[in-house]
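Summary of structural features
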Amino acid sequence: MSIDVYWARGCAFSWRVLLTLEFKGLAWTGHELQLDFQEQKGPRMLAMNPRGRVPVLRDGDYVVFESLAVMYYLDLKYPAPPLFGHSPEEAGVVMRVINEFQAYTEAELLGIIEWVRRPRPGHEEELTHAMHLVAAEARTIESRLAKGDWIVGDAVSAADLAIYPCIRLLHRALMRPEARELSARFLPAEVHYPRLAQWMQRIESLPGYQRTASVCEK
Ligand SMILES: N[C@@H](CCC(=O)N[C@@H](CS)C(=O)NCC(=O)O)C(=O)O
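Residues numbered from 1 in each chain as written. Predicted model: local features only at pLDDT ≥ 70, side-chain atom pairs only at ≥ 80, totals over all residues. Heavy atoms only, no water.

**Here we look at the domain arrangement of the chain**
Just so we agree on the cut-off: In this document the domain limits rely on a domain assignment from an automatic tool or a database. Any two residues whose heavy atoms approach within 4.5 Å are treated as being in contact. Buried area: the sum, over both parts, of the accessible surface (1.4 Å probe) that disappears when the two are put together.
Assigned domains within the chain: domain 1 (3-77) and domain 2 (88-216). When each unit is reduced to the centre of its C-alpha atoms, the spacing between domain 1 and domain 2 is 21 Å. On the domain 2 side, the residues contacting the 18 residues of domain 1 number 25 residues. In total, domain 1 and domain 2 occlude about 1900 Å² of area from one another, counting both sides; carbon and sulfur atoms represent 73% of this.

**Some remarks on the site of the ligand**
This is how the line gets drawn: One heavy atom within 4 Å of a molecule or strand makes the whole residue count as near it. Here a polar contact is taken to be a pair of N or O atoms separated by no more than 3.5 Å, where protein atoms must pair a possible hydrogen donor with a possible acceptor and residues adjacent in sequence count only if both atoms sit in side chains. Method for areas: the Shrake-Rupley scheme with a 1.4 Å probe, in which residue coverage is limited to the protein chains shown. All residues other than Ala, Val, Leu, Ile, Met, Phe, Trp, Tyr, Cys, Pro, Asp, Glu, Lys and Arg, Gly among them, are scored as polar; the first ten of these are nonpolar and the last four charged.
Around the ligand, the structure places C11, F13, L35, Q40, K41, G52, R53, V54, P55, E66 and S67. Note that an oxygen atom of the ligand is positioned 2.9 Å from one of the side-chain N or O atoms of Q40. For the ligand, an oxygen atom lies 2.7 Å from a polar atom in the side chain of R53. About the coverage of the ligand: the protein hides 78% of its 510 Å² of free accessible area. The class makeup of the residues in the shell around the ligand is 5 nonpolar, 3 polar and 3 charged.

**Points about helix 9 (residues 194-204)**
This is how the line gets drawn: A 1.4 Å probe rolled over the protein chains alone gives each residue an accessible area, and that area as a share of the maximum for its type sets the label: buried under 20%, exposed over 50%, partly exposed in between. Secondary structure elements are taken from DSSP: a helix is a run of H or I of four residues or more, a strand is a run of E of two residues or more, and numbering for both begins at the N terminus. The reported arc concerns the directions from the helix axis to the C-beta atoms and nothing else.
The set of residues buried in helix 9 consists of L196, A197, W199, M200 and I203. On an axial view of helix 9, the arc spanned by its buried residues comes to 160°, and they lie on one face. Looking at the buried residues of helix 9, the elements they touch are helix 5 (124-145), helix 6 (158-174), helix 8 (189-192) and helix 10 (209-212).

**Some points on the pairing of strand 4 (residues 62-65)**
What counts here: The criterion for strand pairing is that DSSP finds at least two bridges linking the strands in question.
Relative to strand 4, strand 3 (residues 56-59) runs antiparallel, the two being bridged by 4 bridges. In the sheet register, D59 faces strand 4, and the bridge partner there is Y62.

**Considerations on the packing of helix 5 against helix 9**
The condition that has to hold: In this description, a line fitted to the C-alpha atoms serves as the axis of each element, helices being fitted only across the stretch in contact, and the angle between N-to-C directions of two axes falls anywhere from 0 to 180 degrees. Angular relationships are summarised with four words: roughly parallel below 35 degrees, roughly antiparallel beyond 145, roughly perpendicular across 65 to 115, and oblique for the angles in between.
Axis separation between helix 5 and helix 9 bottoms out at 8 Å; the angle between their running directions is 75°. When the axes of helix 5 and helix 9 are compared, the pair comes out roughly perpendicular. In this structure, helix 5 contributes A138, I141, E142 and L145 to the contact, and helix 9 contributes P194, R195, L196, W199 and R202. Its residues placed into classes, the contact of helix 5 with helix 9 shows 6 nonpolar, no polar and 3 charged.

**Quick look at the side chain of T20**
The topology assignment puts T20 in helix 1 (residues 12-23). Given a relative accessible area of 0%, T20 falls into the buried group. What T20 contacts, discounting residues up to four positions off in sequence, is M71, L74, L83 and L161.

**Quick look at the sheet that holds strand 3**
Each strand in a sheet pairs with another by means of backbone hydrogen bonds, the pair being arranged parallel or else antiparallel. Read from one edge of the open sheet, 4 strands run 2-1-3-4, paired in mixed fashion. Because the sheet does not close on itself, it has two edges, and the strands there are strand 2 (28-32) and strand 4. On average, adjacent strands in this sheet sit at an angle of 20° to one another, irrespective of strand direction. Note: strand 1 (residues 3-7) against strand 3, 4 bridges, orientation antiparallel. Within the sheet, the bridge partner assigned to V5 lies in strand 3 and is L57.

Spelled out as structure tokens, the structure:
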């Protein structure tokens, strides 16, 4: 039975799930939703996710939402290749790194992307704060990548697939002409964060990556 996944363009959370499905080599059918038309709030979607958000994954009769929960479900259900390490200790580190990213950086990073789309005059202090936090996190990831090709351990893990979409969507936003002033601190990524730039290329070379890349096209 095929896996159905409901996703949206520009959505880092959806991208995590698509990357996970491809990484596991699973067959899946994608259903792209238009958030601008509130398709995620239609009755059929609300029946699966009462919060009216994407991504949502249906595997047979089982429905799961919240991107990290989806990744975790897929890893337990389809264990090879593993995404949360080979031992409880490795799983603890992978989960910790994702939780740190989500708790201390993700909202600010998404806020910068939103700012590029829709600047909020009068809130420049918030933007500056977000830029500091994201730059610090990028340095942390850069130092992790000094030890190996992947964010945790010596193989692709859920940490890579959870963090990559946020970084890539930020990169895309900062490449826009209207973000020129903001981007000076980050771009070119190859100069400011060379290991991070190489890591992005490594992810983009994974088998199946191209099938997920339309999340980033808008
Ligand atoms: N914590 C959720 C976040 C999901 C989320 O915020 N999705 C956004 C798109 S990126 C959404 O569906 N927004 C539509 C809405 O809030 O109506 C996850 O990890 O899956």
